[in-house]
Amino acid sequence: PGPHWIGVDLRAADGGRDVLPASVRVVSPDGRAGAVRARSDGSYASANDPRAVIGLGERAGPVDLDVRWPDGQRERFVGLAVDDYHVLVRGRGAPPPSVEE
């Protein structure tokens, strides 16, 4: 019980992490969506975790995520388990069904 979440670690096709900043959005059948910008910037002499975490509230089932890579390309990753981190590799997702803003 309690609020659920999903975490993502975004990777380039070659396994590198040169895909930041990117945005990640939860695809929800009820029209509500959570979104986050994955980034690693910060202030002087600081470091941030480049993984992104999205709060899901009470939603406990698998979720689909849309990723918008820095060059504007979009991909959808489907059926991801909640309360865990996932490595999403560019080029391994599916095209989203339509262009959404």
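What counts and what doesn't
Residues numbered from 1 in each chain as written. Predicted model: local features only at pLDDT ≥ 70, side-chain atom pairs only at ≥ 80, totals over all residues. Heavy atoms only, no water. Salt bridge = Lys/Arg side-chain N within 4 Å of Asp/Glu carboxyl O. Helix = DSSP H or I, 4+ residues; strand = E, 2+ residues; numbered from the N terminus. Buried < 20%, exposed > 50% of the residue type's maximum accessible area, 1.4 Å probe, protein only.

Draft legend 1. Just the pattern of salt bridges, in detail. Scanning the entire structure with this criterion turns up four salt bridges. Notably, a salt bridge pairs Asp66 with Arg76, separated by 2.7 Å at the nearest N-O pair. Remark: Arg76 occurs in strand E6 (residues 74-80) and Asp66 occurs in strand E5 (residues 63-68); sequence separation between them is 10 residues. The buried category is assigned to Asp66, whose relative accessible area is 5%. Among the residues examined, Arg76 registers a relative accessible area of 12% and is labelled buried. In this structure, Arg90 and Asp71 form a salt bridge, with 2.6 Å as the shortest nitrogen-oxygen distance. Of this pair, Arg90 sits in the segment after strand E7 (85-89) while Asp71 sits in the loop between E5 and E6, placing them 19 residues apart in sequence. According to the relative accessible area criterion, Asp71 is exposed, its value standing at 55%. Here the residues in one salt-bridge network are Arg25, Asp66 and Arg76, joined through shared partners.

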